[in-house]
2 protein chains.
Amino acid sequence: MLPHLPNAHTDCQVRVMEETVTNAEKYFGQFCLLLAAYTRKTARLRDKADKLVKQLIDFANTENLEMRTTLRNFAEDLAKVQDYRQAEVERLEFKVVNPLKLYGTQIKQTQAEIKKFKHVRNHEIKQLEKLEKLRQKSPSDRQMISQAETCVQRASVDAGRTTHQLEETVNAFQKQKLKDLQKILSDFVTIEMVFHAKAVEVYSSAFQTLERYDLERDLEDFRAKMHGVHRPYGPRDARPLTDTGPAAAAPWSLAQSAQSTMRSQRKEAESEDSSAEDPVEDLRGQGQGLHH
Amino acid sequence: MLPHLPNAHTDCQVRVMEETVTNAEKYFGQFCLLLAAYTRKTARLRDKADKLVKQLIDFANTENLEMRTTLRNFAEDLAKVQDYRQAEVERLEFKVVNPLKLYGTQIKQTQAEIKKFKHVRNHEIKQLEKLEKLRQKSPSDRQMISQAETCVQRASVDAGRTTHQLEETVNAFQKQKLKDLQKILSDFVTIEMVFHAKAVEVYSSAFQTLERYDLERDLEDFRAKMHGVHRPYGPRDARPLTDTGPAAAAPWSLAQSAQSTMRSQRKEAESEDSSAEDPVEDLRGQGQGLHH
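Keep in mind the model is a prediction, meaning the values are calculated, not measured. (Residues numbered from 1 in each chain as written. Chains lettered and ligands numbered in written order. Predicted model: local features only at pLDDT ≥ 70, side-chain atom pairs only at ≥ 80, totals over all residues. Heavy atoms only, no water.)

**So, the overall build of chain A**
Scanning chain A for helices and strands turns up 7 helices and 0 strands. Counted from the first residue to the last, chain A has its helices and strands arranged as α-α-α-α-α-α-α. Buried positions account for 48% of the 292 residues belonging to chain A. Once local pairs closer than 6 in sequence are excluded, the contacts in chain A between residues at least 24 apart make up 88%. (Helix = DSSP H or I, 4+ residues; strand = E, 2+ residues; numbered from the N terminus. Buried < 20%, exposed > 50% of the residue type's maximum accessible area, 1.4 Å probe, protein only. Contact = heavy atoms within 4.5 Å.)

**Regarding the nonpolar core**
Core analysis: the largest hydrophobic core is formed by 122 residues, its most contacted members being Phe31, Phe188 and Tyr203 of chain A together with Phe31, Phe188 and Tyr203 of chain B. Within the residue set of this core, elements represented by two or more residues are helix 1 (10-60), helix 2 (65-137), helix 3 (142-212) and helix 4 (215-227) of chain A together with helix 1 (10-60), helix 2 (65-137), helix 3 (142-212) and helix 4 (215-227) of chain B. (Core = buried A, V, L, I, M, F, W, Y, C linked by side-chain atoms within 4.5 Å.)

**So, the packing of aromatic side chains**
Evaluation of the coordinates by the stated rule reveals 14 aromatic pairs over all chains. Centre to centre, the rings of Phe28 of chain A and Phe31 of chain A are 5.8 Å apart; their planes meet at 45 degrees, and the pair counts as tilted. Of this pair, Phe28 of chain A and Phe31 of chain A both sit in helix 1, 3 residues apart, which is roughly one turn of that helix. The class of Phe28 of chain A is buried, set by a relative accessible area of 2%. Look at Phe59 of chain A and Phe28 of chain B: their rings are 5.8 Å apart centre to centre, the planes differ by 85 degrees, and that puts the pair in the edge-to-face class. Of the two residues, Phe59 of chain A is situated in helix 1 and Phe28 of chain B in helix 1; the pairing between them involves two chains. Neither residue differs from the other here; Phe59 of chain A and Phe28 of chain B are each classed as buried. In textbook terms, an aromatic cluster arises when at least three aromatic residues are bridged by ring pairs, as seen for Tyr27, Phe28, Phe31 and Tyr103 of chain A together with Phe59 of chain B. (Phe/Tyr/Trp six-rings, centres within 6.5 Å; stacked < 30°, edge-to-face > 60°.)

**Considerations on the pattern of salt bridges**
Residues and elements named next belong to chain A. Following the criterion strictly, the structure yields 26 salt bridges over all chains and no others. Arg44 is paired through a salt bridge with Asp47; the nearest N and O atoms lie 3.8 Å apart. Highlighted residues: Arg44 and Asp47, both in helix 1, separated by 3 residues, approximately one helical turn. Residue Arg44 is classed as partly exposed on the basis of its relative accessible area of 35%. (Salt bridge = Lys/Arg side-chain N within 4 Å of Asp/Glu carboxyl O.)

**Description of helix 2 of chain B**
For helix 2 of chain B, built from 73 residues, the straight-helix expectation of 108 Å at 1.5 Å per residue is met to within 8% by its first-to-last C-alpha distance of 105 Å. If you look at helix 2 of chain B, its biggest bend is around 35 degrees, right at Glu93 of chain B. (Expected span 1.5 Å × (residues − 1). Bend = angle between axes of the 7 residues up to and from the residue.)

**Overview of the packing of helix 3 of chain A against helix 3 of chain B**
Two elements in contact, helix 3 of chain A and helix 3 of chain B, have axes separated by 8 Å at closest approach and are oriented at 155 degrees. In terms of orientation, helix 3 of chain A and helix 3 of chain B fall into the roughly antiparallel class. With respect to the hand of their crossing, helix 3 of chain A and helix 3 of chain B are arranged in left-handed fashion. Across the contact of helix 3 of chain A with helix 3 of chain B, the residue classes tally to 24 nonpolar, 10 polar and 4 charged. (Axes fitted to C-alpha atoms, helices over the stretch in contact; angles between N-to-C directions. Parallel < 35°, antiparallel > 145°, perpendicular 65-115°, else oblique. Left-handed = near helix turned anticlockwise from the far one by under 90°. Nonpolar A, V, L, I, M, F, W, Y, C, P; charged D, E, K, R; others polar.)

**Some points on the packing of helix 4 of chain A against helix 3 of chain B**
A pair of packed helices is characterised by two quantities: the angle between their axes and the separation of those axes. Between helix 4 of chain A and helix 3 of chain B, the least distance of the axes is 10 Å, while the angle of their chain directions is 145 degrees. Where helix 4 of chain A crosses over helix 3 of chain B, the handedness of that crossing is right-handed. For the pair helix 4 of chain A and helix 3 of chain B, contact is made by Leu215, Glu216, Asp218, Leu219, Phe222, Arg223, Met226 and His227 of chain A and by Glu167, Val170, Asn171, Gln174, Lys175, Leu178 and Lys179 of chain B, respectively. Here the residues of the contact of helix 4 of chain A with helix 3 of chain B are counted per class, giving 6 nonpolar, 3 polar and 6 charged.

**Regarding the side chain of Arg46 of chain B**
Residue and element names in this part refer to chain B. Within the secondary structure, Arg46 is located in helix 1. The class for Arg46 is buried, based on a relative accessible area of 15%. Dropping the residues within four chain positions of it, Arg46 is found in contact with Gln82, Arg85 and Gln86.

**Structural notes on the environment of His227 of chain B**
Its location among the elements puts His227 of chain B in helix 4. Along the primary structure His227 of chain B and Arg217 of chain B are separated by 10 residues, whereas in three dimensions their C-alpha atoms are 15 Å apart.

**Topic: the environment of His123 of chain A**
Residues and elements named next belong to chain A. Considering the arrangement of structural elements, one finds His123 in helix 2. On the basis of relative accessibility, which here comes to 42%, the residue His123 falls in the partly exposed class. Along the primary structure His123 and Thr20 are separated by 103 residues, whereas in three dimensions their C-alpha atoms are 24 Å apart.

**With respect to the environment of Glu113 of chain A**
Residues and elements named next belong to chain A. By secondary structure assignment, the location of Glu113 is in helix 2. For Glu113, a relative accessible area of 27% corresponds to the partly exposed category. Sequence separation between Glu113 and Thr162 is 49 residues; the distance between their C-alpha atoms is 9.1 Å. Apart from residues lying up to four places away in sequence, Glu113 is in contact with Leu166 and Thr169.

**Here we look at the side chain of Lys177 of chain B**
As for its placement among the helices and strands, Lys177 of chain B is situated in helix 3. Setting aside its immediate chain neighbours within four residues, Lys177 of chain B contacts Phe59 and Glu63 of chain A together with Thr20, Ala24, Phe28 and Tyr103 of chain B.

**Let's talk about the confidence of the model for chain A**
Residues and elements named next belong to chain A. Confidence in the prediction of chain A, expressed as mean pLDDT, is 78, and 74% of residues score 70 or more. Here residues 229-292 is a poorly scored stretch, pLDDT under 50, and it has 68 contacts once near neighbours within four places are set aside; other chains count. The ipTM, which scores confidence in the relative placement of chains, is 0.73 for this predicted complex, and the corresponding pTM is 0.74. (pLDDT = per-residue confidence, 0-100.)

Structure (structure tokens):
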């Protein structure tokens with residue numbers, strides 16, 4: 001149909017460019033969604049562990065000294081892991097999810113460039129088709145053909161320049177894309193690596209806490225608690241005898257008061273968490289260390 | 001009201017016992033729920049990362065050799081972390097959540113013992129009250145009083161024996177509870193520690209993969225891809241010129257075929273995952289190592 005075309009190989013070029021940008025749009029969008037979901041699930045995991053910490057402290061307060069100390073130390077370590085998880089969540093959002101979100105703009109711009117180029121390219125093709133028709137219908141009209149040839153030439157120069165611009169744009173886009181992807185994935189790995197390394201460290205301490213626990217001493221305390229309270233008889237001691245049935249309410253009210261005490265303690269711990277930026281700073285320092 | 005009671009301090013004992021069992025019921029129930037939720041959230045995290053692995057491999061297939069290799073190796077490491085996370089989930093269910101679930105039975109049994117004891121104890125109290133009434137109403141009826149005294153004595157012996165039994169039951173319960181709690185928490189820490197340690201190891205390899213990535217070589221390939229395709233003109237090459245507009249569909253169909261290829265590859269990987277028990281075995285070995 002078109003026997004001759006100066007920039008014919010640009011079709012292949014345009015296809016490569018379009019594929020590049022379309023794939024970037026599709027997959028970077030997916031990466032963004034999935035990494036945002038990954039970050040959210042990590043936050044949910046932190047929430048569950050935080051609740052476990054609270055229950056462990058509440059339970060610790062109902063136990064004797066030995067288990068109470070063990071559980072409190074253990075809960076403290078578990079809470080520390082959650083602080084590192086919180087730092088992980090914040091850093092994932094900041095260094096992984098957000099850069100991927102912002103990627104949409106860059107893709108849109110490159111897509112606009114491609115569209116613009118296609119417009120110019122279509123113009124060139126139309127001029128070529130016009131010339132071709134002229135040559136077939138009125139091969140003797142030298143003036144018209146010469147005029148059409150000038151139009152084709154001008155459109156061809158335009159298309160050539162736009163192709164060059166587009167090529168540069170897409171090259172820059174590709175370079176940035178590859179660089180960014182490497183950076184984002186490296187950041188992801190670093191953030192994860194730092195978190196996991198910190199978790200190993202803190203859990204090692206938690207493991208030692210549990211190893212130190214002295215069951216026998218705890219049981220001695222428990223037996224003493226059961227036997228040791230020989231108060232002289234009085235109306236308070238006799239009372240539960242008359243209402244042995246509903247006396248079952250007593251442990252509940254005791255447990256309740258223990259709970260409310262703990263609730264305020266936990267609040268203190270929480271306000272400490274929110275103000276303590278150290279683990280995050282610590283992680284950042286480590287992250288940089290790992291980068292080098 | 002009751003001037004004399006042989007086992008008066010048992011009231012304190014019973015209260016301690018009831019508190020112990022009630023608290024165990026309440027808090028072990030909470031631990032079970034929260035750790036089951038923690039395990040579930042971990043599984044969700046694994047799911048999201050698995051999807052990310054799939055998208056990374058799909059995207060890798062649209063890229064040039066350099067990024068393709070990097071992304072595939074990276075995705076493989078990310079998948080490996082998920083295998084370890086899967087092992088973590090299975091081990092948490094088996095060694096942490098299940099033992100806590102089974103705890104309910106033990107608690108029910110001990111509660112039944114306490115109830116039984118209370119019944120016997122109530123009987124003793126009723127006998128005492130009867131005796132007291134008799135002494136007040138008919139202090140001269142020696143025979144009735146003597147008979148009531150025998151009843152009180154018998155009930156008291158019964159209560160004493162039951163108290164002793166209950167004490168042994170609750171002591172055993174407490175011992176088992178403390179031991180189990182230490183074991184369950186130690187198992188939790190070990191499982192987490194092994195997972196985090198493995199994750200650090202695998203992510204270190206992933207980090208190196210990303211560091212080895214050669215951006216310049218990749219860009220050379222990309223430029224070659226755009227310029228290198230100088231095929232002789234023919235009807236197939238001319239075709240896209242006539243439909244430049246809808247030609248945008250081409251990258252989509254290309255991306256689609258790349259996807260379907262990858263889907264089958266991923267399936268292979270998945271079937272490998274399910275059959276490969278090695279990481280789990282590996283973890284178990286490590287877990288035992290950490291226990292000693």
